[in-house]
Amino acid sequence: MTLRSFSALTDQEPLFRDLAPAGSYVALRVGFLAPEEESNLFPSTWIRFYTIHAYGLKDPLTRWAATANGATRWSSITLPDEAGVMAAYRLHGLRYGCVIGLPARISRSRKRTFGIFARNDREMTNAEIGALRASLAELHAPERDALTQSQAEVLRMLSEGVRYKEIAWRLGITEGAVKARFKAACQRLGARTAVQAANIAQKRGLL
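From a predicted model like this one, the values you see are computed outputs, not experimental measurements. (Residues numbered from 1 in each chain as written. Predicted model: local features only at pLDDT ≥ 70, side-chain atom pairs only at ≥ 80, totals over all residues. Heavy atoms only, no water.)

**Student:** What am I meant to see in the overall build of the protein here?
**Tutor:** In terms of helices and strands, the protein carries ten helices and five strands. Scored against the burial criterion, the 207 residues of the protein give a buried share of 45%. In the protein, once contacts between residues fewer than 6 apart in sequence are set aside, the share between residues at least 24 apart is 65%. Counting every atom, the protein has about 10,600 Å² of accessible surface; 53% of that belongs to carbon and sulfur. (Helix = DSSP H or I, 4+ residues; strand = E, 2+ residues; numbered from the N terminus. Buried < 20%, exposed > 50% of the residue type's maximum accessible area, 1.4 Å probe, protein only. Contact = heavy atoms within 4.5 Å. Areas by Shrake-Rupley, 256 points an atom, 1.4 Å probe, with all protein chains shown as cover.)

Below you can see the structure in the form of structure tokens.
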């Protein structure tokens, strides 16, 4: 689990903090080994402990999320736990929670999204789990990922350090049009800066 996140995801973090006050981890569109975007709101002590003990591939929660579709409470997961990962969660005050796994929305993608959410006081309600699942489904949706050719063109040049005025001259359009295309690209990608937008677009094969 790392600490990296992008803006569309950070926009949802207040909800995650509210419903999972003990911590959460969300991975969007997981590819070969890594997600395109992730958010980690777990306590730093748990992140460090989890990393040192290499729990990533041993964790019953992540194993459930890798294959199952839907949502379930931690207490309902019965997968083997030879490494004692769930006991370690409890030892760090992460006693209750839910895990959500979403399948690829388009067959050629094969990329899943999942989230692990924790509380230290009580089981999560059905309404809370439903709200978290809806949030992940919105973040996972591929429809907003696509860029038009003109948006990708502007974003590519901005990421290479080309200024608005130069881009406008190259494309034969106004600076205002360049900025409008850039703004539209950022909105589709859930980014706030050119570097952030370019990083997301490159990870998704849009540039």
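**Student:** I keep staring at the sheet that holds strand β3 (residues 70-73) and nothing clicks. Help me out?
**Tutor:** Hydrogen bonds between backbone atoms are what pair the strands of a sheet, whose relative direction is either parallel or antiparallel. If you trace the five strands from one edge of the open sheet to the other, you get β2-β1-β5-β4-β3, paired in antiparallel fashion. Strand pairing shows two members of the sheet lacking a second neighbour, β2 (35-40) and β3, which therefore form its edges. Strand after strand, the sheet turns through a mean of 10° between neighbouring axes, direction not considered. Here strand β4 (residues 96-102) pairs with strand β5 (residues 112-119) via seven bridges, running antiparallel. In the strand pairing of β5, G101 is matched with F114. (Pairing = 2+ DSSP bridges. Axes fitted to C-alpha atoms, helices over the stretch in contact; angles between N-to-C directions.)

**Student:** In this structure, what is going on with the pairing of β2? I would like to understand it.
**Tutor:** It is a general feature of regular strands that their side chains alternate between the two faces of the sheet. Counting buried positions along β2 gives six out of six residues, so the element sits mostly inside the fold. Pairing of strand β1 (residues 23-30) with β2, which is carried by five bridges, proceeds in the antiparallel orientation. Pairing of L28 across the sheet is with E37, part of β2.

**Student:** What is the right way to look at the pattern of salt bridges in this model?
**Tutor:** Pairs can form between side chains of opposite charge once their charged atoms are near each other. In total, this model carries three salt bridges according to the counting rule given. One salt bridge in this structure joins R122 and E128, with 2.7 Å as the shortest N-O distance. Put simply, R170 and E166 hold a salt bridge, and the shortest N to O gap is 3.0 Å. Of this pair, R170 and E166 both sit in helix α8 (residues 164-171), separated by four residues, roughly a single helical turn. On the basis of relative accessibility, which here comes to 45%, the residue R170 falls in the partly exposed class. (Salt bridge = Lys/Arg side-chain N within 4 Å of Asp/Glu carboxyl O.)

**Student:** Can you help me understand the packing of helix α7 (residues 149-159) against α8 in this one?
**Tutor:** Two measures define how a pair of helices packs: the angle their axes make with one another and the distance between the axes. As a packed pair, α7 and α8 sit with axes 10 Å apart at the nearest point and diverge in direction by 135°. Considering the angle they form, α7 stands oblique to α8. For α7 against α8, the interelement crossing comes out right-handed. Note on element contacts: α8 touches α7 through Y164, I167, R170 and L171, opposite E153, V154, M157 and L158. Tallied by class, the residues present in the contact of α7 with α8 amount to six nonpolar, no polar and two charged. (Parallel < 35°, antiparallel > 145°, perpendicular 65-115°, else oblique. Left-handed = near helix turned anticlockwise from the far one by under 90°. Nonpolar A, V, L, I, M, F, W, Y, C, P; charged D, E, K, R; others polar.)

**Student:** What is the right way to look at the pairing of β5 in this model?
**Tutor:** Within β5, eight of the eight residues are buried, which leaves the element mostly enclosed by the surrounding structure. Of the two faces of β5, both are covered, the one formed by R112, F114, I116 and A118 as well as the one formed by T113, G115, F117 and R119. Pairing geometry for β1 and β5, over six bridges, is antiparallel. Residue pairing for β5: V26 is matched across the bridge by G115.

**Student:** Help me understand unusual backbone geometry in this model?
**Tutor:** Note: most residues except glycine have negative phi, and most peptide bonds are trans. A positive phi is found at A54, a non-glycine position, where the angle reads about 50°. With a relative accessible area of 45%, A54 lands in the partly exposed category.

Remember that the coordinates give geometry; whether it matters functionally is a separate question.
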